[in-house]
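Coordinate inspection notes
Residues per chain, in single letters:
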2 protein chains.
Amino acid sequence: MNLRKGNLMSVRDDVKVLDATIRDGGLCNNFEFSDEFVKELYKTNVKSGIDYMEFGYKASTSMFDENEFGKWKFCKEEDIRAIVGDNPSDMKIAVMADVGRCDYKTDFLPKSESVIDMVRVACYIHQIPAALDMIEHFHTLGYETTCNIMAVSQATTDQLSQALEMLKNSNVDVIYLVDSYGSLFPENACELTQFYLNAVEGSGKKVGFHAHNNQNLAFANTIETLSYGVSYLDATVEGMGRGAGNCSVELLLGFLKNPKYNLYPLLKFIEKYMKELKDKGVVWGYGLQYMFTGHFNRHPREAIDFTNNKREDFSEFYKSLLDNY
Amino acid sequence: MNLRKGNLMSVRDDVKVLDATIRDGGLCNNFEFSDEFVKELYKTNVKSGIDYMEFGYKASTSMFDENEFGKWKFCKEEDIRAIVGDNPSDMKIAVMADVGRCDYKTDFLPKSESVIDMVRVACYIHQIPAALDMIEHFHTLGYETTCNIMAVSQATTDQLSQALEMLKNSNVDVIYLVDSYGSLFPENACELTQFYLNAVEGSGKKVGFHAHNNQNLAFANTIETLSYGVSYLDATVEGMGRGAGNCSVELLLGFLKNPKYNLYPLLKFIEKYMKELKDKGVVWGYGLQYMFTGHFNRHPREAIDFTNNKREDFSEFYKSLLDNY
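Please read these numbers as outputs of a predicted model, since none were measured by experiment. (Residues numbered from 1 in each chain as written. Chains lettered and ligands numbered in written order. Predicted model: local features only at pLDDT ≥ 70, side-chain atom pairs only at ≥ 80, totals over all residues. Heavy atoms only, no water.)

1. What about the overall build of chain A?
- Counting its secondary structure elements, chain A contains 12 helices and eight strands.
- A compact globule built from 325 residues would reach a C-alpha radius of gyration of about 20 Å, and chain A, at 19 Å, matches this within 12%.
- With the C-alpha coordinates of chain A rotated into their principal frame, the extents come out at 55 × 50 × 45 Å.
- Residues counted as buried form 62% of the 325 residues belonging to chain A.
- Taking the intrachain contacts of chain A between residues at least 6 apart in sequence as the baseline, contacts between residues at least 24 apart amount to 75%.
- Summing over all exposed atoms, chain A offers an accessible surface of approximately 12,500 Å²; the carbon and sulfur share of this is 47%.
- One way to put it: in chain A the 34 positive side-chain charges average out to a point 3 Å from where the 46 negative ones average out. (Helix = DSSP H or I, 4+ residues; strand = E, 2+ residues; numbered from the N terminus. Rg over C-alpha atoms; globule rule 2.2 N^0.38 Å. Buried < 20%, exposed > 50% of the residue type's maximum accessible area, 1.4 Å probe, protein only. Contact = heavy atoms within 4.5 Å. Areas by Shrake-Rupley, 256 points an atom, 1.4 Å probe, with all protein chains shown as cover. Lys, Arg positive; Asp, Glu negative; His and termini not counted. Charge placed at Lys NZ, Arg CZ, Asp CG, Glu CD.)

2. What about the relation of the copies chain B and chain A?
- Relative to chain A, chain B is turned by 180° and slid 0.0 Å along the rotation axis, the superposed coordinates differing by an RMSD of 0.0 Å. Each copy turns onto its partner about a two-fold axis.
- Interface overlap between copies: 100% of the residues of chain B at the interface are likewise at the interface in chain A, consistent with a symmetric, same-surface contact. (Least-squares fit on C-alpha atoms with pLDDT ≥ 70 in both.)

3. Things to note about the pairing of strand β3 (residues 92–98) of chain A
All names here are of chain A.
- The buried fraction of β3 is high, at six of seven residues.
- Examined bridge by bridge, strand β2 (residues 52–57) and β3 share four bridges and lie parallel to one another. Along β3, the bridge assignment pairs tyrosine 57 with methionine 96.
- In this fold, β2 hands off to helix α3 (residues 77–84), which returns the chain to β3; that crossover is right-handed. (Pairing = 2+ DSSP bridges. Right-handed = clockwise from strand over helix to strand, strands pointing away.)

4. What about the sheet that holds strand β5 (residues 144–149) of chain B?
Residue and element names in this part refer to chain B.
- Taken in spatial order, the eight strands of this closed barrel run β1-β2-β3-β4-β5-β6-β7-β8, and their pairing is parallel. Sheet twist, expressed as the mean angle between neighbouring strand axes with direction ignored, is 25°.
- With four bridges joining them, β5 and strand β6 (residues 174–178) adopt parallel strand pairing. Looking across to β6, one finds that threonine 146 is bridged to valine 174.
- Sheet contacts for helix α2 (residues 35–48): β1 (16–19), β2 (52–57) and β3 (92–98); angle to β2, the most-contacted strand, approximately 155°. (Axes fitted to C-alpha atoms, helices over the stretch in contact; angles between N-to-C directions.)

5. Quick notes on the nonpolar core
- Of all hydrophobic cores here, the largest spans 228 residues; its most connected members are Phe55 of chain A together with Phe55 of chain B.
- Sequence-distant contacts of phenylalanine 55 of chain B, defined by excluding residues within four places in its chain, comprise Ile22, Val38, Tyr42, Trp72, Cys75, Ile80, Ile83, Val84, Ile93 and Ala94 of chain B. (Core = buried A, V, L, I, M, F, W, Y, C linked by side-chain atoms within 4.5 Å.)

6. Thoughts on the sheet that holds strand β7 (residues 206–210) of chain A
Residues and elements named next belong to chain A.
- In space, the eight strands of this closed barrel follow the order β1-β2-β3-β4-β5-β6-β7-β8, with parallel pairing throughout. Sheet twist, expressed as the average angle between the axes of neighbouring strands with direction ignored, equals 25°.
- Two elements, β3 and strand β4 (residues 118–123), share five bridges in a ladder whose sense is parallel. The residue of β4 that forms the bridge with methionine 96 is arginine 120.
- Strands β1 (16–19), β2 and β3 of the sheet are contacted by helix α2 (residues 35–48), whose axis makes an angle of about 155° with β2.
- Those strands touched by helix α4 (residues 128–141) are β3, β4 and β5 (144–149), and its axis lies near 165° from that of β5.

7. Looking at the environment of asparagine 7 of chain A
Residues and elements named next belong to chain A.
- Following the sequence through the fold, asparagine 7 ends up in the segment before β1.
- Classification of asparagine 7 as partly exposed rests on a relative accessible area of 47%.
- Placed 220 residues apart in sequence, asparagine 7 and serine 227 show a C-alpha to C-alpha distance of 7.3 Å.
- A polar contact is formed between the side chain of asparagine 7 and the backbone nitrogen of methionine 9, at a distance of 2.7 Å. (Polar contact = N/O pair within 3.5 Å; in protein donor to acceptor, adjacent residues only side chain to side chain.)

8. Quick notes on the confidence of the model for chain A
- Looking at chain A, the pLDDT average stands at 96 and 99% of residues meet or exceed 70.
- This prediction of the complex comes with two scores: 0.97 for pTM and 0.95 for ipTM. (pLDDT = per-residue confidence, 0-100.)

9. Describing the packing of α2 of chain B against helix α9 (residues 264–279) of chain B
Residue and element names in this part refer to chain B.
- Where α2 meets α9, the closest approach of the two axes is 9 Å, and the angle between their N-to-C directions is 160°. On the basis of their axis angle, the class for α2 and α9 is roughly antiparallel. Considering the relative orientation of α2 and α9, their crossing is left-handed. Across the interface between the two elements, Glu36, Phe37, Glu40, Leu41, Thr44, Lys47 and Ser48 of α2 pack against Pro265, Leu266, Phe269, Lys272, Tyr273, Met274 and Leu277 of α9. (Parallel < 35°, antiparallel > 145°, perpendicular 65-115°, else oblique. Left-handed = near helix turned anticlockwise from the far one by under 90°.)

10. Digging into the environment of leucine 263 of chain B
All names here are of chain B.
- Tracing the backbone through its elements, the reader meets leucine 263 in the loop between α8 (249–255) and α9.
- Of the residues examined, leucine 263 reaches a relative accessible area of 7% and is grouped as buried.
- A sequence separation of 219 residues divides leucine 263 from threonine 44, and the C-alpha atoms of the two residues are 9.7 Å apart.

11. Focus: the pattern of salt bridges
- A complete count under the given rule lists 48 salt bridges over all chains for this structure.
- The salt bridge partner of glutamate 77 of chain B is arginine 81 of chain B, with a shortest N-O separation of 3.1 Å. Taken together, the residues glutamate 77 of chain B and arginine 81 of chain B, both in helix α3 (residues 77–84) and four residues apart, mark about one turn of the helix.
- Residue glutamate 77 of chain B is classed as buried on the basis of its relative accessible area, which comes to 12%.
- When the shortest N-O distance is used, the salt bridge between arginine 101 of chain B and aspartate 98 of chain B registers 3.1 Å.
- Note on arginine 101 of chain B: relative accessible area 37%, which makes it partly exposed.
- Classification of aspartate 98 of chain B by relative accessible area gives buried; the value is 9%.
- Salt bridges linked by common partners bring Arg23, Asp24, Glu54, Arg120 and Asp234 of chain A together as one network. (Salt bridge = Lys/Arg side-chain N within 4 Å of Asp/Glu carboxyl O.)

12. Details of helix α7 (residues 218–227) of chain B
- The buried count for α7 of chain B comes to 10 of 10 residues, which makes it a mostly enclosed element.
- Buried within α7 of chain B we find Ala218, Phe219, Ala220, Asn221, Thr222, Ile223, Glu224, Thr225, Leu226 and Ser227 of chain B.
- For α7 of chain B, the secondary structure elements touched by its buried residues are α6 (186–200) and α7 (218–227) of chain A together with α6 (186–200), β7 (206–210), β8 (232–235) and α8 of chain B.
- Glycine 229 of chain B, located one to two residues past α7 of chain B, shows a positive phi value of around 120°.

13. Some details on the interface of chain B and chain A
- Across the boundary between the two partners, chain B contributes 43 residues, which contact 43 residues of chain A.
- Inspection of the chain B/chain A interface yields four salt bridges.
- Glutamate 312 of chain B is the partner of lysine 275 of chain A in a salt bridge, and the nearest nitrogen-oxygen pair spans 3.5 Å.
- Counting across the chain B and chain A interface gives nine residue pairs in polar contact (both at pLDDT 80 or more).

14. Examining helix α10 (residues 288–295) of chain A
- Within α10 of chain A, seven of the eight residues are buried, which leaves it mostly tucked inside the rest of the structure.
- Along α10 of chain A, the residues that are buried comprise Leu288, Gln289, Tyr290, Met291, Phe292, Thr293 and Gly294 of chain A.
- Buried residues in α10 of chain A make contact with α11 (301–308) and α12 (314–323) of chain A together with α8 and α9 of chain B.
- Taken from the residues just after α10 of chain A, asparagine 297 of chain A is the one with a positive phi, measuring 55°.

So, in structure tokens, the structure goes:
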């Protein structure tokens, strides 16, 4: 039995591409993108047929000092509007809200007054009850919602079953499988996909996938989980994202067969704006240090330190990870 | 029905890792590795549990001027012996012989007098008869043999059926699926794997996979085809190989569960010798230019030129490929 949905020649209308460059990429440069960068990326995404553009986090200004971060950590309504106006395009606008780091009761307008279309609620598996409270609040305000269960590679099957059952009975629209540590191989990513899909079957809810590239598998895992029925695909320009980064939008658009996607505008953007960013010293992407943390299924923070300190002693770093495994 | 062989926790004894760094990587530096590099890589591979190390090509000295290439384009018996002595290790020594570029009738000793264990015959699909002639010759001399059918993404199903039938009836030991253009996605790489395995079923012949990283899928395609029954896995240190390079040995050893494989010696080698190589300006690895040629299923030569000319006008290059598609 072939469990894949569609094939390499077909178009699936349920597929949506979400560009998370400003949000996950913002973790690489403290969210300090120029307005020009964000505006040009917005225009590029519209031209390239991207379905959703995530502008950043909606972080609590009482927990985080606004002077210490770029504005896309907070995604104020006026800042988004300064880029997109009333967003006359077909592309939808998303923001992320972290459980425990967001004043969700006060910081969101009703959807009818906001240019934001979708709120993505990010949580760890034990925070599902808190996430559900946020999801129902955002749903009542009129937003599309997702629940992004982070670090899924560390959740037990029992936890995941219960979480998915709770989400199935909620008003959430999309449930994301998030490979935060980049530790999944295509084989287990696809098993998890089927586990998610079976759990929410009949509810009409969609499943999404958010990859990290620690083992150079972000694109592969994205298209493999897609083939098993994932609908919402996160990607970032040149894979820009924390540590080893994410699935590249350009690889993904090269793969998808829907003629609405258009690679060319993205190439123009990359030539000009991504080069500028890298020339300024912003760093992300696959490296042995990230392979190790992916391999050991743990947070990349030590690998990020290794990178920031410009270390090249991979064997010593590997040994240090074995020490406190 | 699960068509995968084994699972993510198990060891399959049929799996063999072949390090092709000197051979495919040699295409990046004209085969001009120092003796120290090759000797240290040999020692590293032995310590890391690599099953086969490919030393290079056995190219015709009447077709290619020995002064214009490093010695690993020719792999003379005495040059290999200068590195490995009588090769007292368990690791086997391989060389590659290209159809039409090799004096195979005169340039190979009987196996009993050679330190080489395996000859890999590389051909395009229309050269199978010539490849078979070489294979039978090498078999008679006493060598293990493989047939590496290059550019498999451009062969028709009929051609492939006939080629595999001919190979099934030959004395070849391993038949390789070679994604020369890096154009396969995991889904079609796995379909091809099953096609190969079905074609040679009952013959005892093994199937191998040789990946290129044009779409950043070399590692993913390698472990996915592995999971569907491929036994022989080509990889190179840090993916060093023509254009976008190959599957990284370090990612592959990180994935394989057999305790005979050991990542640590490889990390020491990378720190010292691969850094040196890159500092000298040897270039390979994934980039948008290679994604394009992979995407269009064509030879990477234009992307290699783009790279060598240090061009960064990706959108123009993409347009030029559309022109002569």
